[in-house]
Amino acid sequence: MAVIHHTTMQPTKLELLASWLPTRAWYTGVAGEPRPAKAGGFRLDDPAGEVGIEFMAVTDGTGPDAVAYLVPMTYRGAPLEGAGHALIGTSEHGVLGTRWIYDGAHDPVLVAQLYALLAGRAEAQHQSVDDTADPTVAASLAPAGTGAELVRVTEGPDHTDVEVRETDTAAPLTLRLRRVLRPGADGAPARGRVTAEWRLPDGTAARGTYAVALAG
């Protein structure tokens, strides 16, 4: 299980996201400067114990105009080769030193563990408590292979499509990350999906789709 260090990060993840979010095609924008607030999410463990994996939900704005976004992130102790375009920023961690923080959609470790979560081979972990499962996260997929290899990433107006190839069968699969989170059921036909919760600015809980698995 990953160890969560309750320490400082400079700059903080939210400070980095305030600069990074407006550069995304799916960012809808609000009046004034972005002020992302942490609203929920969960973590996954890297079997090798090297990469931190977090699916963070943030809200930007207030009242009925607030928008919730999904930002999957990986935290690494060294740069990820070939992923400079996916770097959110670097931060000084109070225990671990410099951390390179990436948009996890482009990180093969996160993608492999998202597939494992969908397939029932990984368990969602609490966002801020060590060695504690998060039972509010639900995932389902009838997998064709024992794992998944990242092929390419494509940005959409409210989502990011991560094309993978399932191991053993080489079957194509698209893991669609719902970047703009919306409460309620996602009626899109899918082989599988991940649903989880987040908090609205008024403190009430919302639940919706974080990711769906699309054949082909």
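All figures in this text were calculated on a predicted structure; none of them were measured in a lab.

Chemist: I would appreciate a short explanation of the overall build of the protein chain in the present structure.
Modeler: A tally of helices and strands in the protein chain yields 2 helices and 13 strands. For 216 residues, the compact-globule formula gives about 17 Å, and the C-alpha radius of gyration of the protein chain, at 16 Å, lands near that figure. Taken along the three principal axes of its C-alpha coordinates, the protein chain extends 45 × 40 × 35 Å. Classification of the 216 residues of the protein chain by burial places 46% in the buried group. For the protein chain, the share of sequence-separated contacts (at least 6 apart) that also reach a separation of at least 24 residues comes to 56%. Split by element, the accessible area of the protein chain, about 9900 Å² in all, is 53% carbon and sulfur. Placing the 18 positive and 26 negative side-chain charges of the protein chain at their respective mean positions leaves the two points 4 Å apart.

Chemist: Where do I start with the nonpolar core in this structure?
Modeler: Looking at soluble globular proteins, one finds that nonpolar side chains tend to be buried together. Membership of the largest hydrophobic core comes to 33 residues, with the highest contact counts inside it found for Phe42, Phe55, Leu175, Val194 and Tyr210. Those elements that place two or more of their residues in this core are strand S2 (37-44), strand S3 (52-60), strand S4 (67-76), helix H2 (108-118), strand S9 (159-166), strand S10 (172-178), strand S12 (192-199) and strand S13 (205-215). For this core, the leading source of residues is H2, giving 6 residues. Beyond its immediate chain neighbours, meaning those up to four positions away, phenylalanine 55 contacts Gly40, Gly41, Phe42, Leu44, Leu70, Val71, Pro72, Leu110, Leu114, Gln127 and Leu177.

Chemist: Please clarify how the pairing of S9 should be interpreted in this entry.
Modeler: When a strand is regular, its side chains alternate between the sheet's two faces. Burial runs high along S9: 6 of the 8 residues are buried. Both strand S8 (residues 148-155) and S9 contribute to a ladder of 7 bridges, which runs antiparallel. Paired with arginine 152 across the two strands is glutamate 163, which belongs to S9. Between S8 and S9, which pair antiparallel in sequence order, lie 3 residues. Relative to S10, S9 runs antiparallel, the two sharing 7 bridges.

Chemist: Which parts of the structure should I look at to understand the pattern of salt bridges?
Modeler: Side-chain pairs of opposite charge can arise where the charged atoms are in close proximity. Applying the stated rule across the entire model yields 10 salt bridges. Across the pair aspartate 107 and arginine 76 runs a salt bridge, and its minimum N-O distance is 2.8 Å. Residue aspartate 107 is located in the loop between strand S6 (97-103) and H2, and its partner arginine 76 is located in strand S4; the two are separated by 31 residues in the primary sequence. Taken individually, aspartate 107 and arginine 76 each receive the classification buried, so the pair is uniform in this respect. The salt bridge partner of aspartate 161 is arginine 176, with a shortest N-O separation of 2.6 Å.

Chemist: Help me understand helix H1 (residues 13-20) in this model?
Modeler: Given 3.6 residues per helical turn, the α-helix brings residues three or four places apart onto the same face. Along H1, the positions that sit buried rather than exposed are Lys13, Leu16, Leu17 and Trp20. The buried residues of H1 all sit within an arc of 100 degrees when viewed along its axis, so they share a single face. Next to the buried residues of H1 lie strand S1 (9-10), S2, S3, S4, strand S5 (87-93) and S6.

Chemist: Sorry if this is basic, but what is going on with the layout of surface pockets here?
Modeler: Using a probe with the size of a water molecule, rolled over the atoms, empty space left in the structure can be pinpointed. Volume-wise, the second largest pocket comes out at about 220 Å³. What lines the second largest pocket is a set of 17 residues, and nearest its centre among them are Gly40, Gly41, Asp134, Glu197 and Arg199. Of all the secondary-structure elements, those providing two or more residues to the lining of the second largest pocket are S2 and S12. Among the elements that make up the lining of the second largest pocket, the one with the highest residue count is S2 (5 residues). The class makeup of the residues in the lining of the second largest pocket is 7 nonpolar, 6 polar and 4 charged.

Chemist: Explanation requested: the side chain of histidine 106 in the structure shown.
Modeler: On the secondary structure map, histidine 106 appears in the loop between S6 and H2. Overall, the relative accessible area of 18% leaves histidine 106 in the buried class. What histidine 106 contacts, discounting residues up to four positions off in sequence, is Leu80, His85, Ala86, Leu150, Val153 and Glu155.

Chemist: For this particular structure, what's the right way to read unusual backbone geometry?
Modeler: When glycine is set aside, most residues are seen to have a negative phi, and most peptide bonds are trans. The phi angle at aspartate 131 is positive, at roughly 50 degrees, despite the residue not being glycine. Tracing the backbone shows aspartate 131 in the loop between H2 and strand S7 (138-141). On the basis of relative accessibility, which here comes to 55%, the residue aspartate 131 falls in the exposed class. The phi torsion at aspartate 168 lies on the positive side, around 80 degrees, for a residue other than glycine. The residue aspartate 168 is located in the loop between S9 and S10 in this model. Assessed through its relative accessible area of 65%, aspartate 168 is described here as exposed.

Analysis parameters
- Residues numbered from 1 in each chain as written.
- Predicted model: local features only at pLDDT ≥ 70, side-chain atom pairs only at ≥ 80, totals over all residues.
- Heavy atoms only, no water.
- Helix = DSSP H or I, 4+ residues; strand = E, 2+ residues; numbered from the N terminus.
- Rg over C-alpha atoms; globule rule 2.2 N^0.38 Å.
- Buried < 20%, exposed > 50% of the residue type's maximum accessible area, 1.4 Å probe, protein only.
- Contact = heavy atoms within 4.5 Å.
- Areas by Shrake-Rupley, 256 points an atom, 1.4 Å probe, with all protein chains shown as cover.
- Lys, Arg positive; Asp, Glu negative; His and termini not counted.
- Charge placed at Lys NZ, Arg CZ, Asp CG, Glu CD.
- Core = buried A, V, L, I, M, F, W, Y, C linked by side-chain atoms within 4.5 Å.
- Pairing = 2+ DSSP bridges.
- Salt bridge = Lys/Arg side-chain N within 4 Å of Asp/Glu carboxyl O.
- Arc of directions from axis to C-beta.
- 1 Å grid on protein atoms, 1.4 Å probe; cavity = no way out; pocket = protein on both sides within 12 Å on 5 of 7 lines; lining within 4 Å.
- Points joined across faces, edges and corners; volume = space filled by probe spheres on them.
- Nonpolar A, V, L, I, M, F, W, Y, C, P; charged D, E, K, R; others polar.

In short, geometric facts, not functional conclusions.
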